[in-house]
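Analysis of the macromolecular model
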Amino acid sequence: MNMIRNVIVAVLGLFILASCSKDDDSVEVTPPRDRGEVEVESQANLKAYLNTHFYNYEEFEAKEDGFNYKIVFDTISGVNSDKTPLMSQVITEKFTYLDTEYTLYTLVAREGAGIQPTFADSTFVNYQGNVVGGDKFDSSVTPLWFDLTQVVFGFANGLKNLKAGTQFSQNADGSVSFGNDYGIGAVFIPSGLAYFNGSGTGYSAYSDLVFTFDLYRAVEDTDDDNDGVPNWKEDINGNNFLNEIEDDSDGDNIPDYLDTDDDGDGTLTRDEIVINADGTITYTDSNNDGTPDYLDPDVN
Ligand SMILES: [Ca+2]
Ligand SMILES: [Ca+2]
Ligand SMILES: [Ca+2]
Ligand SMILES: [Ca+2]
């Protein structure tokens, strides 16, 4: 689990790190490659893989007793020449991330019957990470809680296409139980939506990755700063990424999803919205200028 938590460090933080390292002349740092160029290569690599490989979809369709509900990828060749390629089964989504347009591919092997998380909710998952066409570099031993704001972009945005199970429960000894209706899938991630120029055990810089995952549980409308506004709604520029300057309304280097006073007017966000008895939220706009009070420094 260490790898996946290697968060895309807040962009704000990156600038600070970059400006603090110049007095250390013993370390030579290779500047990262151009994101657009790398993405072109990643797309060629991912498409080549998705067009020449399939997964055990027939086993998922048959649902026979004894099937372990694990995704297995294989090459389309020989006795498997007639299989349907992954490329025609994946969900294709485009994202703008760090000024680059990226394409992400998600396979939904079994959708799941429960709650569907957003890209920014808390989830309880099993996962395995491989380099595309290569070896495993990371996996969970037992299911883990992941706040999707703290994992690589591609992982969070692939997982949001699944639904959790419906029969999750936590036992007195801390173990958990779940029925067999949780979501099962995989996401194929260009390096720019994974670790980009970062490297670690089992993967090198600019590796495209595939994660397979089981989504046991999801918490709707996770609210990391507990200000009443769910994480997903604090994505001001709507690119499914929260750790960036564009999502820091008051410019205090704390992105909105972690800032209890989003507009920095001295009144807590929680006191500038109305949480109704049924749990829904009214975003009051007192001066009718189209900006809700909690994001409007002119209203406090
Ligand atoms: Ca919030
Ligand atoms: Ca954003
Ligand atoms: Ca802020
Ligand atoms: Ca405020």
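Residues numbered from 1 in each chain as written. Chains lettered and ligands numbered in written order. Predicted model: local features only at pLDDT ≥ 70, side-chain atom pairs only at ≥ 80, totals over all residues.

**So, the overall build of the protein**
For the protein, the helix and strand inventory stands at four helices and 13 strands. In summary, the protein has a C-alpha radius of gyration of 21 Å against a globular reference of 19 Å for 300 residues, a match within 12%. Overall, the C-alpha framework of the protein stretches about 70 × 55 × 40 Å when taken along its three principal axes. Within the span of the protein, comprising 300 residues, buried residues form 37% of the whole. Taking as baseline every contact in the protein between residues at least 6 positions apart, the subset at least 24 positions apart corresponds to 65%. (Helix = DSSP H or I, 4+ residues; strand = E, 2+ residues; numbered from the N terminus. Rg over C-alpha atoms; globule rule 2.2 N^0.38 Å. Buried ≥ 20, exposed ≤ 12 C-beta atoms within 10 Å, placed from the backbone. Contact = placed C-beta atoms within 7 Å.)

**Considerations on the environment of Val 132**
Looking at the element boundaries, Val 132 is found in the loop between β5 (122-131) and β6 (136-139). Exposure remark for Val 132: the 20 C-beta atoms within 10 Å place this residue in the buried category. Measuring from C-alpha to C-alpha, the distance between Val 132 and Leu 46 comes to 7.5 Å, with 86 residues separating the pair along the chain. Those residues in contact with Val 132 that lie beyond four places of it in its chain are Asn 45, Leu 46, Tyr 49, Phe 188, Asp 208, Leu 209 and Val 210.

**Concerning the nonpolar core**
Counting residues in hydrophobic clusters, the biggest one holds 54 residues, and the most contacted among them are Val 125, Leu 159, Val 187, Phe 188, Leu 193, Phe 211 and Leu 215. Counting only elements with at least two residues in this core, the list comes to α2 (35-52), β1 (53-55), β4 (100-110), β5, α4 (153-159), β10 (183-189) and β11 (209-219). When residues in this core are grouped by element, the largest group, seven residues, is from β11. The two domains that each donate at least three residues to this core are domain 1 (11-20 + 35-219) and domain 2 (223-300). (Core = buried A, V, L, I, M, F, W, Y, C linked by C-beta atoms within 7 Å. Domains from an automatic or database assignment.)

**Here we look at the domain arrangement of the protein**
As far as domains go, the protein holds domain 1 (11-20 + 35-219) and domain 2 (223-300). Using C-alpha coordinates to define each centre, domain 1 is positioned 30 Å away from domain 2. Contacts between the two partners involve 13 residues from domain 1, matched on the other side by twelve residues from domain 2. Broken down by secondary-structure element, the contributors of at least two residues to the side of domain 1 that touches domain 2 are α1 (11-20), β3 (91-97) and α4. In terms of residue class, the side of domain 1 that touches domain 2 is made up of seven nonpolar, four polar and two charged. (Nonpolar A, V, L, I, M, F, W, Y, C, P; charged D, E, K, R; others polar.)

**Some details on the pairing of β4**
Pairing between β3 and β4: seven bridges, direction antiparallel. Opposite Lys 94, over in β4, you have Thr 103 as the bridge partner. With five bridges joining them, β4 and β10 adopt antiparallel strand pairing. For Thr 106, the partnering residue across the bridge sits in β10 and is Val 187. (Pairing = 2+ DSSP bridges.)

**As for unusual backbone geometry**
Phi at Tyr 206 is positive, roughly 65°, even though this residue is not glycine. Tracing the backbone through its elements, the reader meets Tyr 206 in the loop between β10 and β11. The class of Tyr 206 is buried, set by 20 C-beta atoms lying within 10 Å. In this structure, Asn 240 takes a positive phi of about 65° despite not being glycine. Looking at the secondary structure, you find Asn 240 in the loop between β11 and β12 (274-275). By C-beta crowding, Asn 240 is classed as buried, having 20 other C-beta atoms within 10 Å.

**Remarks on the environment of Ile 245**
Turning to its location among the elements, Ile 245 is positioned in the loop between β11 and β12. C-alpha of Ile 245 to C-alpha of Glu 59: the two residues are 186 residues apart in sequence and 45 Å apart in space.

**A look at the pairing of β6**
Here β5 pairs with β6 via three bridges, running antiparallel. Looking across to β6, one finds that Gln 128 is bridged to Ser 139.

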